[in-house]
Amino acid sequence: QVRLVESGGGLVQAGDSLRLSCTASGIIFSSATMGWYRQVPSERRELVGVITSGGSATYGDSVKGRATISRDNAKKMVYLQMNSLKPDDTGVYYCKAVTITGPYWGQGTQVTVSS
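Residues numbered from 1 in each chain as written. Predicted model: local features only at pLDDT ≥ 70, side-chain atom pairs only at ≥ 80, totals over all residues. Heavy atoms only, no water.

A. Representation of the pattern of salt bridges. Summed over all chains, the structure comprises 4 salt bridges. Close ionic contact of R38 with D89 constitutes a salt bridge, the shortest N to O distance being 2.8 Å. Of this pair, R38 sits in strand β4 (residues 33–39) while D89 is found in the loop between β8 (77–82) and β9 (91–99), placing the two residues 51 residues apart along the sequence. Look at D89 and you get buried, because its relative accessible area is 1%. Residues D89 and R66 are paired through a salt bridge, measuring 2.7 Å at the closest nitrogen-oxygen approach. In this pair, D89 is assigned in the loop between β8 and β9 and R66 in the loop between β6 (57–59) and β7 (67–72), connecting sequence segments 23 residues apart. This pair shows no difference in class: D89 is buried, exactly as R66 is. Salt bridges sharing common partners tie together R38, E46, R66 and D89. (Salt bridge = Lys/Arg side-chain N within 4 Å of Asp/Glu carboxyl O. Helix = DSSP H or I, 4+ residues; strand = E, 2+ residues; numbered from the N terminus. Buried < 20%, exposed > 50% of the residue type's maximum accessible area, 1.4 Å probe, protein only.)

Next comes the structure, spelled out in structure tokens:
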């Protein structure tokens, strides 16, 4: 059974930093492309960043320069470091794994940035 569990969300102030973590199980993690997406009510899920199995990272335009995605294959974890947070960064952040058996999503963790 595939399971992705996000953690690290919460309420922060504008300008703060936050690190989200996602722990994966049930997949060959080292081969998976891992990503972070976020969503606010009534809007589409938005790419924050993805990291390939080889470690190449790509970021959404709204977070470029403020976000860093990294992975630890031994721990089967992927991280999202967000700096200089803005109220527009508020949303539910989801971890996604793309494998040969399909895409999988976590349940999400809420991040709220107050001004």
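B. Summary view of the packing of aromatic side chains. With the rule as written, the count across this model stands at 2 aromatic pairs. When the ring of Y94 is compared with that of W105, the centres are 6.4 Å apart and the planes differ by 85 degrees; the resulting orientation is edge-to-face. Separated by 11 residues along the polypeptide, Y94 in strand β9 and W105 in strand β10 (residues 102–105) bring together distant segments of the chain. The class for Y94 is buried, based on a relative accessible area of 13%. On the basis of relative accessibility, which here comes to 35%, the residue W105 falls in the partly exposed class. Each member of the aromatic cluster is reached from another via a ring pair, and the members are Y37, Y94 and W105. One residue, R45, lies across the ring of Y94, its end atom 3.7 Å from the ring centre. (Phe/Tyr/Trp six-rings, centres within 6.5 Å; stacked < 30°, edge-to-face > 60°. Lys NZ or Arg CZ within 6 Å of the ring centre and 35° of its normal.)

C. Just the state of the cysteines, in detail. Counted according to the given criterion, the structure contains 1 disulfide. Between the sulfur of C22 and that of C95 lies a disulfide, 2.1 Å long from S to S. Negative torsions about the S-S bond denote left-handed disulfides, and the value of about -80 degrees found for C22 with C95 makes this one left-handed. Of this pair, C22 sits in strand β3 (residues 18–25) while C95 is found in strand β9, placing the two residues 73 residues apart along the sequence. In this pair, the class of C22 matches that of C95, namely buried. (Disulfide = S-S within 2.5 Å.)

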